[in-house]
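Given next are the chains, with one letter for each unit.
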Amino acid sequence: MGIVNLTPDSFSGDGLAKDRGRAVAHAEALIAAGADLLDLGAESSRPGAQPTPLDEELERLLPVLEALKGCGVPLSVDTYKPVVMKAALAAGADLINDISGLSDPEALPAVAATSCGLCLMHMQGTPGTMQQQPAYADVVAEVAGFLAERVAACRQAGIADERLLLDPGFGFGKTLAHNLELFRHLPQLGGGFPLLVGVSRKSMLGAITGKPVEERLAASVAAAVLAAQRGAAILRVHDVAATRDALAVWAAMECDVD
Ligand code: PT1
């Protein structure tokens, strides 16, 4: 899953809010580099990020989504707002990626009657303050418990299991120790559902390597391969070509034993 960041975020240098043409070109480059699907996000969820007004999120998202319709890969939209979900689905989005696990009361009704895929992610708190004091008695049990509760809510709303992906939410209200414990226990967090993992360029990799965000390529690729080895079905990444190469080497050397 290649990341198309439609925010003005200059922190990791990947924000493309200002220039729709560049955003579409970037998306096409990710596909050419081997992305199997794209994740379009128009509101930053990085630690400290403030909410984006609804009209601004729609204005950044919809023209790019419409331009990418028919690009050859499924399109995911990263939003927790039911109004954005509805607009995105009407514009042809294939998957809704919700960092809040469809917890807005209007979210389940917004997606239930459609057939889109749904990624349910765990987050403690909200992006603005989530890294101030993350606290868990048992991070693995609490994340797994939350995801199971959201799966139950989806079933209650008549959503088929086949539509669901789960995501422990690396970096969302978690210390480095919490993230590492979740990573170690990744295989048991899926509960039979495909897992989506997003660690690309995140500060947990900065904490491990001591490197700033623009120097986290090797760490991101290493983490992506390890996530795949632990059973991740979808890797949410900035660096599609490098991740593809690393996965190809792993597949040749480890998976395809004949
Ligand atoms: C993710 C994810 C996401 N991450 C899903 N959607 C982001 N399903 C946005 C940092 O610590 O992992 N899964 N949508 C980006 N969010 C962050 C969080 C970016 C933390 C950076 C950090 O640096």
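Residues numbered from 1 in each chain as written. Predicted model: local features only at pLDDT ≥ 70, side-chain atom pairs only at ≥ 80, totals over all residues. Heavy atoms only, no water.

Q: Honestly, the overall build of the protein chain in this entry has me stumped. Any pointers?
A: Along the protein chain, the regular secondary structure elements total ten helices and eight strands. Dimensions along the principal axes, computed over C-alpha positions, put the protein chain at roughly 45 × 40 × 40 Å. For the protein chain, buried positions account for 50% of its 258 residues. Contacts spanning at least 24 positions in sequence make up 65% of the contacts within the protein chain whose residues lie at least 6 apart. Just so you have it, the protein chain exposes about 11,500 Å², and 55% of that area is on carbon and sulfur atoms. Between the mean site of the 20 positive side-chain charges and the mean site of the 31 negative ones, the protein chain shows a separation of 3 Å. (Helix = DSSP H or I, 4+ residues; strand = E, 2+ residues; numbered from the N terminus. Buried < 20%, exposed > 50% of the residue type's maximum accessible area, 1.4 Å probe, protein only. Contact = heavy atoms within 4.5 Å. Areas by Shrake-Rupley, 256 points an atom, 1.4 Å probe, with all protein chains shown as cover. Lys, Arg positive; Asp, Glu negative; His and termini not counted. Charge placed at Lys NZ, Arg CZ, Asp CG, Glu CD.)

Q: Teacher, can you tell me more about the side chain of arginine 150 here?
A: Relative to the assigned elements, arginine 150 resides in helix α5 (residues 139-156). Within polar-contact distance, the side chain of arginine 150 engages the backbone oxygen of glycine 101 at 2.8 Å. Within the local environment of arginine 150, its side chain forms a polar contact with the backbone oxygen of leucine 102, the two atoms lying 2.6 Å apart. (Polar contact = N/O pair within 3.5 Å; in protein donor to acceptor, adjacent residues only side chain to side chain.)

Q: When you look at the environment of arginine 155 in this model, what are you seeing that I'm missing?
A: By the secondary structure assignment, arginine 155 is in helix α5. When the C-alpha atoms of arginine 155 and aspartate 104 are compared, they prove to be 16 Å apart, with 51 residues separating the residues in sequence.

Q: Mind showing me how you'd approach the layout of surface pockets here?
A: Rolled over the atoms, a probe with the dimensions of a water molecule shows which regions are left empty. The computed volume of the largest pocket comes to approximately 630 Å³. Lining the largest pocket are 43 residues, and of these Ser45, Arg46, Phe172, Lys202 and Arg236 sit closest to its centre. If you list the elements that add at least two residues to the lining of the largest pocket, you get β1 (2-5), β2 (38-41), α6 (176-184) and α8 (203-209). Looking at the lining of the largest pocket residue by residue, the class counts come to 15 nonpolar, 16 polar and twelve charged. Here the second largest pocket defines a volume of roughly 250 Å³. Met1, Asp36, Leu235, Arg244 and Leu247 are, among the 16 residues lining the second largest pocket, the residues nearest its centre. Sorting the residues of the lining of the second largest pocket by element identifies β8 (234-235) and α10 (240-255) as the ones contributing at least two each. In terms of residue count, the dominant contributor to the lining of the second largest pocket is α10 (five residues). When grouped by side-chain class, the residues that make up the lining of the second largest pocket number twelve nonpolar, two polar and two charged. (1 Å grid on protein atoms, 1.4 Å probe; cavity = no way out; pocket = protein on both sides within 12 Å on 5 of 7 lines; lining within 4 Å. Points joined across faces, edges and corners; volume = space filled by probe spheres on them. Nonpolar A, V, L, I, M, F, W, Y, C, P; charged D, E, K, R; others polar.)

Q: Is there a simple way to think about empty space enclosed by the protein in this case?
A: Inspection of the entire model under this criterion finds one cavity of 30 Å³ or more. Lining the largest cavity are Glu43, Ser44, Ser45, Glu57, Asp78, Thr79, Tyr80 and Ile99.

Q: I tried to follow the site of the ligand on my own but got confused; where do I start?
A: Inspection of the region around the ligand gives 16 residues, with Asp78, Asn97, Asp167, Lys202 and Ser203 positioned closest. In this structure, aspartate 78 approaches the ligand through a side-chain N or O atom, which is 2.7 Å from a nitrogen atom. Glycine 198 places a main-chain nitrogen or oxygen 3.3 Å from an oxygen atom of the ligand. Taken by itself the ligand offers 500 Å² of open surface, and the protein chains cover 94% of this. A molecule is said to occupy a pocket when more than half its atoms come within 2 Å of that pocket's grid points, and by this definition the ligand occupies the largest pocket. Of the residues assigned to the shell around the ligand, the class counts are six nonpolar, five polar and five charged. (Near = heavy atom within 4 Å. Sits in = over half its atoms within 2 Å of the grid points.)

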